[in-house]
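Architecture at a glance
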Amino acid sequence: PVRTVTFSRPQARLNVFPNPAKTRLMASLQAGSNAKVSLRLLSADGRVLYSTVQTAAANGSLVAEINLDGLQLPKGWYLLEAAYGNERQTRKWMKE
């Protein structure tokens, strides 16, 4: 038998740009209204290099900017993780 599955809201997609990034990294996603969103910048081996908690707008949207100049990261691959509620998403990005 075939069953219909309905989700209460579409999966929020974490977008990371520009990619590759030089001086700043932007992250955007649609979370819940006024949701607390934890953003973590991770090295390729999973070490936490930077973390912040930001609040989504009343409509659930969040756009965050991470200043990479202050972090003095070498060129290479990194991960950005966003966690809110019981959801967690990770995107790979490159520092040039």
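Going by the structure above, here's the rest.
The structure displayed is predicted, hence computed values, not measured ones. (Residues numbered from 1 in each chain as written. Predicted model: local features only at pLDDT ≥ 70, side-chain atom pairs only at ≥ 80, totals over all residues. Heavy atoms only, no water.)

A few words now on the overall build of the protein. Within the protein, the regular secondary structure consists of 0 helices and 7 strands. When the backbone C-alpha atoms are referred to their principal axes, the protein occupies close to 50 × 35 × 20 Å. Within the protein, the fraction of its 96 residues that count as buried is 35%. Accessible area for the protein stands at about 6200 Å²; split by element, carbon and sulfur atoms hold 50% of it. On the protein, the mean spot of the 13 positive side-chain charges and the mean spot of the 6 negative ones are 5 Å from each other. (Helix = DSSP H or I, 4+ residues; strand = E, 2+ residues; numbered from the N terminus. Buried < 20%, exposed > 50% of the residue type's maximum accessible area, 1.4 Å probe, protein only. Areas by Shrake-Rupley, 256 points an atom, 1.4 Å probe, with all protein chains shown as cover. Lys, Arg positive; Asp, Glu negative; His and termini not counted. Charge placed at Lys NZ, Arg CZ, Asp CG, Glu CD.)

Okay, the sheet that holds strand E5 (residues 61-67) next. On the basis of which strands lie adjacent, the open sheet formed by 3 strands has the order E1-E2-E5 and antiparallel pairing. Taken across any chain shown, the strands that pair with only one partner, and hence form the sheet edges, are strand E1 (15-17) and E5. Strand-to-strand twist across the sheet, computed as the mean angle between neighbouring axes with direction ignored, equals 15°. For E1 and strand E2 (residues 24-30), the ladder comprises 3 bridges, and the chain directions are antiparallel. Considered in E2, the bridge of Phe17 is made with Met26. (Pairing = 2+ DSSP bridges. Axes fitted to C-alpha atoms, helices over the stretch in contact; angles between N-to-C directions.)

On to the pattern of salt bridges. Inspection of the entire model under this criterion finds 4 salt bridges. When the shortest N-O distance is used, the salt bridge between Glu96 and Lys22 registers 3.9 Å. Taken together, the residues span a long stretch of sequence, with Glu96 in the segment after strand E7 (87-95) and Lys22 in the loop between E1 and E2 at a distance of 74 residues. Here Arg47 ties to Asp45 by a salt bridge, and the two come within 3.4 Å at their closest N and O atoms. A residue is classified by how much of its surface remains accessible, and Asp45, at 57% relative accessible area, is exposed. Where salt bridges share partners, they join Arg40, Glu81 and Arg88 into one cluster. (Salt bridge = Lys/Arg side-chain N within 4 Å of Asp/Glu carboxyl O.)

What follows is about the packing of aromatic side chains. The final tally for this structure, using the stated rule, is 1 aromatic pair. The residue whose ring lies beneath Lys92 is Trp77, and the NZ or CZ to ring-centre distance is 4.7 Å. (Phe/Tyr/Trp six-rings, centres within 6.5 Å; stacked < 30°, edge-to-face > 60°. Lys NZ or Arg CZ within 6 Å of the ring centre and 35° of its normal.)

Next up on the list: the sheet that holds strand E6 (residues 76-84). Spatial strand order, E4-E3-E6-E7: 4 strands in an open sheet with antiparallel pairing. Each edge of the open sheet carries a strand with a single partner, namely strand E4 (48-55) and E7. On average, adjacent strands in this sheet sit at an angle of 20° to one another, irrespective of strand direction. Note that E6 and E7 share 9 bridges and pair antiparallel. Within E7, the residue paired with Tyr84 across the bridge is Glu87.

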